[in-house]
Amino acid sequence: MYQLSVVLLSIVSVVLPAAGEPPVPERWRAWPVARVFPAAVSGVSPSGARVTYVLAGVAPEAPCALAFQAAAVSGGCLTALRATYADSTHTFVATVGIAVLDRPGRRPDSASPRPATVRPVAFPGGPAERFGDRQYFAGALLAAERYVVATAAGYADGRAYQRGDRAGRRLRDTARHLTTTLSEALTR
């Protein structure tokens, strides 16, 4: 009987959120900004080195049409949250956007190096000050629960994207890593 109780308790703890933990669709609003967008995310640079992506800044909440490219998020988007990270060497920058949906999102296609994604946000006085729509080389999209998490990644030196640039493939892994890490933190 004791073993059955332990098994049932284990199953319930996986299916139901912890006591006091808000349901997944409400976390964007209930959690502090520092939990949605942590100050640092460990990862690997496009060259394969271990790096830490450090928060450069968090943008104010914005309408989805301003924060995301049109093809990145389908209808039902309530609001958008964005933050920009720079790697610890100040070589790479990436804006991560979270589209909050009124219903579970579709599975977006993110196979191309430069898919429709979140619009980059620049922050003055640091490595992300020259990051904009022309500077993102690669992106990634992931739909989970009531969110679409998207990342646009590029270089901190302000270089503009040029079609066929091989750097896009390497930066795509950075974008995927940040997208997956922040999506999992928000939805698990």
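Analysis parameters
Residues numbered from 1 in each chain as written. Predicted model: local features only at pLDDT ≥ 70, side-chain atom pairs only at ≥ 80, totals over all residues. Heavy atoms only, no water. Pairing = 2+ DSSP bridges. Helix = DSSP H or I, 4+ residues; strand = E, 2+ residues; numbered from the N terminus. Axes fitted to C-alpha atoms, helices over the stretch in contact; angles between N-to-C directions. Contact = heavy atoms within 4.5 Å. Buried < 20%, exposed > 50% of the residue type's maximum accessible area, 1.4 Å probe, protein only. Phe/Tyr/Trp six-rings, centres within 6.5 Å; stacked < 30°, edge-to-face > 60°. Lys NZ or Arg CZ within 6 Å of the ring centre and 35° of its normal. Expected span 1.5 Å × (residues − 1). Disulfide = S-S within 2.5 Å. Salt bridge = Lys/Arg side-chain N within 4 Å of Asp/Glu carboxyl O.

## Examining the sheet that holds strand β4 (residues 92–101)
Strands sit in the order β1-β2-β3-β4-β6-β5 across an open sheet of 6 strands; the sheet is antiparallel. Edge positions in the sheet fall to β1 (40–44) and β5 (136–144), since each has one partner strand and no second. The mean angle between the axes of side-by-side strands here comes to 25°, regardless of whether they run parallel or antiparallel. As defined by bridge partners, β5 adjoins strand β6 (residues 147–155) across 8 bridges and the pair is classed as antiparallel. Paired with Ala 140 across the bridge in β6 is Thr 151. The sheet contacts of helix α5 (residues 167–187) involve β1, β2 (50–58), β3 (77–87), β4, β5 and β6, and relative to β5 the element is tilted by about 30°.

## Details of the side chain of Ser 183
Mapping Ser 183 onto the fold places it in helix α5. A relative accessible area of 3% means that Ser 183 is categorised as buried.

## Overview of the packing of aromatic side chains
Under the definition given, this model contains 3 aromatic pairs. Between Phe 92 and Tyr 155 the ring centres are 5.3 Å apart and the planes differ by 45°, which places this aromatic pair in the tilted class. Of this pair, Phe 92 sits in strand β4 while Tyr 155 sits in strand β6, placing them 63 residues apart in sequence. Seen in terms of ring centroids, Phe 137 and Tyr 161 are 5.8 Å apart; in terms of plane orientation they differ by 85°. Their pairing is edge-to-face. Linking Phe 137 in strand β5 with Tyr 161 in the loop between β6 and α5, this pair joins segments that are 24 residues apart in sequence. On the basis of relative accessibility, which here comes to 0%, the residue Phe 137 falls in the buried class. Through a chain of ring-to-ring contacts, the aromatic side chains of Phe 92, Phe 137, Tyr 155 and Tyr 161 assemble into a single cluster. Note that Arg 35 overlies the ring of Trp 31, its terminal NZ or CZ placed 3.8 Å from the centroid. In this arrangement the basic side chain of Arg 159 is found over the ring face of Tyr 155, its NZ or CZ atom lying 3.8 Å from the centre.

## Some points on α5
Taking 1.5 Å of rise per residue, 21 residues should cover 30 Å, and α5 covers 30 Å from first to last C-alpha, within 8% of that figure. Of all the positions in α5, only Ala 167, Gly 168, Leu 171, Arg 172, Thr 174, Ala 175, Leu 178, Thr 179, Leu 182, Ser 183, Leu 186 and Thr 187 are classed as buried.

## Looking at the state of the cysteines
If you walk through the whole model with that rule in mind, you get 1 disulfide. Disulfide pairing places Cys 64 opposite Cys 77 at an S-S distance of 1.8 Å. One disulfide, between Cys 64 and Cys 77, carries an S-S torsion of -65° and so falls in the left-handed class. Of this pair, Cys 64 sits in helix α4 (residues 64–67) while Cys 77 sits in strand β3, and the two are 13 residues apart along the sequence.

## Considering the environment of Pro 25
By the element assignment, Pro 25 lies in the loop between α1 (2–15) and α2 (27–30). Taking the relative accessible area as the measure of exposure, Pro 25 reaches 24% and is therefore partly exposed. Between the C-alpha atom of Pro 25 and that of Arg 146, which follows or precedes it by 121 residues, the distance is 5.8 Å.

## Observations regarding the pattern of salt bridges
Following the criterion strictly, the structure yields 7 salt bridges and no others. The partner of Arg 27 in a salt bridge is Glu 21, and the shortest N-O contact between them spans 3.8 Å. The exposure class assigned to Arg 27 is buried, which follows from its relative accessible area of 5%.

## Digging into the pairing of β4
In terms of residue burial, β4 counts as a mostly covered element, since 10 of its 10 residues are buried. Alternating residues of β4 divide into Phe 92, Ala 94, Val 96, Ile 98 and Val 100 and Val 93, Thr 95, Gly 97, Ala 99 and Leu 101, and every residue in both groups is buried. Direction of pairing for β3 relative to β4: antiparallel, over a ladder of 9 bridges. Of the residues in β4, the one forming a bridge with Tyr 85 is Ala 94. Where β3 hands over to β4, the hairpin turn is made up of 4 residues, of which His 90 adopts a positive phi near 60°. In terms of strand pairing, β4 meets β6 through 9 bridges, oriented antiparallel. Within β6, the position partnered with Phe 92 by the bridge is Tyr 155.

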